[in-house]
Amino acid sequence: MPPPSHAAYLSLNSGEVTPLLWYRTDFAKHASSCADMTNFLPLPFGGARKRPGTLYLNSLGTDPVRLHPMRVFGGEFYLPLVPSPGGPPFPVGGTLYAEPEDGRAFILAFSATQLKIYTLQGVLFDTKALVTADPFKLQFSQANNVLFITGPDIHPRRLVGDVATDTFTLEELPWKFPPLLEENDVESLTVAVSQTYGGLTWTSGVAYTIGQKVNVAGVGDYDVIANHTAAANNKPESGAFWAINWRASIDNATPTGSSLTLTFSSAYKLDVGQIIRVSEKRAANGYEVEIAATSANNGLSSAPIVVWGEWNFRTFGTWEGTFTLQRSTDQGATWTDFRSYKAEKNRNVDVSDVEDSRVLLRVKWTYVAAGTSDPKGVISSADAFMPGLAKVTGVTSSTVYTATTLSPIEKGTTQYWTPGAYSITNGFPRAVTLHERRLILGGTSRYPHYLWFSKSDDLLNFRTGTDADDGILEVMTGAATEPIVWMQSMKRLFIGTEGGEWVFGSETNDAALTPENLTYRQYTHYGSAYIPSIPHHDALFFIERQGRRLRELAYQLDRESYSAADLTRLAEHIAGTGITQMDWQQNKEPYLWAIREDGVALSFLYHRDEQLAAWSKHTTYNGTFTSIAIIRSTERDDAVFFAVKRGSTYYLEKLAPLQTGPTTYPHHVDCGVVGEISPTLPAPCRGLTLPIFRNGTIGTAVCHPSTGALSSISVATGSFSDEFHVGLPIEANITTVPLNVNSDNGPTHFRRKRANEIVVNKLEGYPFTLTYAGQEVTASLIDGESYAPTYTGATLYTHELTLPQGHLNDLAFSLSSSDAAPCTLRAIILRWDLHEP
């Protein structure tokens, strides 16, 4: 018989691995792997600790909810300091469970009918109406205090936190200029804009004043350019001198807010709420207006010109006086001076600018002295069209629609019109991100591979053009059958589609994305699930399209390319039937948290540089995890929040922080409360015998089925300030892979072995259960040690257990803990012999 062998599990930080690796002794991480790791967290240092429990915060109702974090910057929101009557019990007991900067962080809970906004202590702060078929298909991107929200069945929205008024506002995005599709290219398909005239109608003998717009039946619209009464020249186009008082209206448009009718020349589908741009081509003499710099024009203004986009002002000849540029945003009712140019016969002016909305411009002349060479000032528009916007309000037929004017539209018939991008028929953007100071919206049901980029630093303006800061409409070439499912901004813009992963921008060129510089390539072809990716340092996590693999998209310097490593390769079973949501916890340790379809939570300890990659599963008593949100903290552990379904109700629960010092106790029960001697327990705990952890001692208590009060408490009571942890039990378990070593005649797998003793080194002295060869072994302490009342961070407790006799082909054991005490494993040593005939 060979001498005894001593096998040490000094590391468990490879987590749970696939059963296909249990017998692979040539696998480098075999000795640090587990066959099962449930409700334990692998530690970077080699051990593993029982996961913290959850604190009950509030009931979320009976509808499924999707959680999302939101921080509001720039000041403190007012928050209630005590719970309202009948509200949730606050987790008390010192500063351990108090969140830093509570007043600036919130948990958003989206259901199919509404958005509820909670403080980090679980207090309902506000409720907003929001209807969506599936809250888990919503995607988010935040800029300062504005959270942009998109989904395949909702108009893009924004949630704005206002520090000054302590309020939130949820609204559809108020486009400055909306995202559009390509302009109509069918010459014969025209649209006629008509409106029952809502202004003045010319009447003989009536006095008119400057700025009025008057319609002359059968002739057209005219602007009053001089005050006049019932006299000669009272009627436009009548008499020799009518032009002194009247000018044919250049802006022959329907005013903003007015009702109009859109009539197409043949059937065309528009939806109520859809926006349409209609443009009228300028007449040959409609590109510029001018005024002569003469004494006769002193104090007069040129005719107005419609401008939306680039314009230019130039002077000609030698002039002495002042040209003043004027702007009107209400179709000429009022005018505002915005620039002036003064000269004494020695100045030429040539300036350009851009108007971001539809306006009228004109130039006013103030005379000082006579000039030479035909002096004048000229305003010209660079745009050949006069565009306007309308929103459809009703459907009369397949060719006729009613609409409301969003910006003035020229009346008449035109072939130049562009449909809005988003509608019931077209769908709404499924993905959103902010990149290089642009808001980017991507992928609708009808146009799944389209991207809309806003103007730089103008997030609600999607007007396209050729200037570097103009908006962009991009159709991803080669992705016709690959819908966009997520977008992520890092140094580059990353886009995931169902067919592969794309990177916008060159690896060697840091130039900004512009209409003339929009380089993008597909680097991987795995395809992504409709789950937002997660940025992680210089890489990002995404879920492969079947939902069962986590990949890391990162740049490989040696290959000068991007690749997407499979981070579930060693635990190919861990995702079950699929992952539905994930979030990243950076502190205290780096864990990716994910939610599976079956309600199991997953944690993934990951640090590429330290070669840490360890999966573990997390379950909860009589419940399932359904959603997760993580709030980043600058002072303590990042706060992890879960939506947990228990029975027919969803609850908001927060993962307790890891134990941080000798004067505080860890929390190792779920849906629990902390602090009071006789707390009231929430509904999921009622009618059960619950584990208790009080003053470092473990015990049980009975929870009343209706009141939630505790009785039959098995641990001694203390002062009111003593920490008292009670809630649902956490069943934590670690099962090792079959033990194997290489002996003189080969590996020891499937060879007769007998284990004699196991030594478990822990940071706490609390009990646990060891299962070996189908039998449970009760933990006992050596050297007269007693259970540790507090965690000092220094004392190590060694449990030395004698194992049942028996010869086994495979040596494996399970270590489990179900009471309310912590369990932090440092090392496990198994003493055993190899026995063969």
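Rules and cut-offs
- Going along each chain's sequence as written, the residues are numbered from 1 onward.
- With pLDDT at 70 or above as the cut-off, local features in this predicted model cover only qualifying residues; side-chain atom pairs require 80 or more to be listed or tallied, and sums for whole chains, interfaces and linings still use all residues.
- Hydrogens are left out, water is left out, and the side-chain values use all remaining heavy atoms of the structure.
- A pocket here means an open set of points on a 1 Å grid, computed over the protein atoms alone, that has protein on both sides within 12 Å along at least five of seven lines. A cavity is instead a set of points where a 1.4 Å probe fits but cannot get out; residues with an atom within 4 Å of a point line either one.
- Grid points are joined across faces, edges and corners, and a volume is the space filled by probe spheres set on the points.
- We count a stretch as a helix when DSSP gives it H or I for four or more residues in a row; a strand needs E for two or more, and each element gets its number in order from the N terminus.
- Strand pairing requires that DSSP identify at least two bridges connecting the strands.
- Geometry is summarised by axes, namely lines fitted to C-alpha atoms with helices restricted to the contacting stretch, and by angles between N-to-C directions that run from 0 to 180 degrees.
- Residues are treated as being in contact if the distance between any of their heavy atoms lies within 4.5 Å.
- Throughout, the ten residues Ala, Val, Leu, Ile, Met, Phe, Trp, Tyr, Cys and Pro are labelled nonpolar, Asp, Glu, Lys and Arg are labelled charged, and all others, Gly among them, are labelled polar.
- We call a set of buried Ala, Val, Leu, Ile, Met, Phe, Trp, Tyr and Cys residues a nonpolar core when their side-chain atoms join them within 4.5 Å.
- Think of it in three bands: with a 1.4 Å probe and only protein chains considered, a residue is buried below 20% of the maximum accessible area for its type, exposed above 50%, and partly exposed in between.
- We define a salt bridge as a side-chain nitrogen of Lys or Arg found within 4 Å of a carboxyl oxygen belonging to Asp or Glu.

Colleague: Even after reading the chapter, I still don't get the layout of surface pockets, so can you show me in this structure?
Modeller: Quantified by volume, the largest pocket comes out at close to 920 Å³. Lining of the largest pocket is provided by 35 residues; of these, His68, Pro69, Phe140, Pro535 and Asp583 occupy positions nearest its centre. Secondary structure elements with two or more residues in the lining of the largest pocket: strand 6 (66-71), strand 10 (139-143), strand 31 (431-435), strand 35 (484-489), strand 39 (534-536), strand 43 (579-585) and strand 47 (624-631). The leading source of residues in the lining of the largest pocket is strand 6, at six residues.

Colleague: Help me out: how do you make sense of the sheet that holds strand 21 (residues 275-281) in this one?
Modeller: Note on sheets: strands pair through backbone hydrogen bonds, and any given pair is parallel or antiparallel. The strand order across the open sheet formed by seven strands is 29-14-20-27-26-21-30, and the pairing between neighbours is antiparallel. Unpaired on one side and paired on the other, strand 29 (412-414) and strand 30 (417-419) mark the two borders of the sheet. On average, each strand axis in the sheet is tilted by 30° relative to the strand beside it, whichever way the strands run. Sheet topology places strand 21 next to strand 30; three bridges connect them, and they run antiparallel. Its bridge partner being in strand 30, valine 278 is matched across the sheet by tryptophan 417.

Colleague: Where do I start with the environment of leucine 803 in this structure?
Modeller: The residue leucine 803 is located in the loop between strand 61 (797-802) and strand 62 (813-817) in this model. When the C-alpha atoms of leucine 803 and threonine 771 are compared, they prove to be 9.3 Å apart, with 32 residues separating the residues in sequence. Leucine 803 has contacts with Ala755, Asn756, Glu757, Ile758, Leu770, Tyr772 and Leu830, leaving out every residue within four places of it along the chain.

Colleague: Quick question: what am I supposed to make of empty space enclosed by the protein here?
Modeller: Remark: the empty space left among the atoms is shown by a probe the size of a water molecule rolled over them. For the structure shown, the criterion picks out three cavities of 30 Å³ or more. Its volume calculated, the largest cavity comes out at about 70 Å³. Together, His155, Trp175, Pro178, Pro179, Gly273, Ile275, Gly420, Ala421 and Tyr422 line the largest cavity. Residues that form the lining of the largest cavity fall into these classes: six nonpolar, three polar and no charged.

Colleague: Explain the nonpolar core to me, please; I cannot follow it from the model alone.
Modeller: Inside soluble globular proteins, nonpolar side chains tend to come together where they are buried. Judged by nonpolar contacts, the single largest core of 25 residues is most densely connected at Phe40, Ile734, Ile758, Leu770, Leu815, Leu825 and Leu830. For this core, the secondary structure elements donating two or more residues are strand 2 (34-38), strand 55 (732-736), strand 58 (753-762), strand 59 (769-772), strand 62 and strand 63 (824-834). Per-element tally for this core: the top contributor is strand 63, with five residues. Judged by nonpolar contacts, the second largest core, of 22 residues, contains Leu181, Ile275, Phe428 and Leu441.

Colleague: Would you take a moment to explain the sheet that holds strand 17 (residues 220-224) for this structure?
Modeller: Spatial strand order, 15-16-17-18: four strands in an open sheet with mixed pairing. Two strands close off the open sheet at either side, each with one partner strand: strand 15 (200-201) and strand 18 (246-248). Strand direction decides the pairing type here: strand 16 (residues 213-216) and strand 17, joined by four bridges, are antiparallel. In the sheet register, lysine 213 faces strand 17, and the bridge partner there is aspartate 223.

Colleague: Even after reading the chapter, I still don't get the pattern of salt bridges, so can you show me in this structure?
Modeller: Working definition: two side chains of opposite charge can pair if their charged atoms are close together. Taken as a whole and judged by the stated rule, the model has 25 salt bridges. The salt bridge partner of glutamate 288 is arginine 314, with a shortest N-O separation of 3.9 Å. Of the two residues, glutamate 288 sits in strand 22 (residues 288-292) while arginine 314 sits in strand 23 (residues 305-328), which places them 26 residues apart along the sequence. You can call arginine 314 partly exposed: its relative accessible area is 24%. Look at the salt bridges and you will find they share partners, linking Glu16, Asp36 and Lys617 into a network.

Colleague: Mind showing me how you'd approach the pairing of strand 58 here?
Modeller: Consecutive residues of a regular strand have side chains that alternate between opposite faces of the sheet. Within strand 58, eight of the ten residues are buried, leaving the element largely enclosed by the surrounding structure. The pairing of strand 58 with strand 63 spans nine bridges and is antiparallel. In the strand pairing of strand 63, valine 759 is matched with isoleucine 829.

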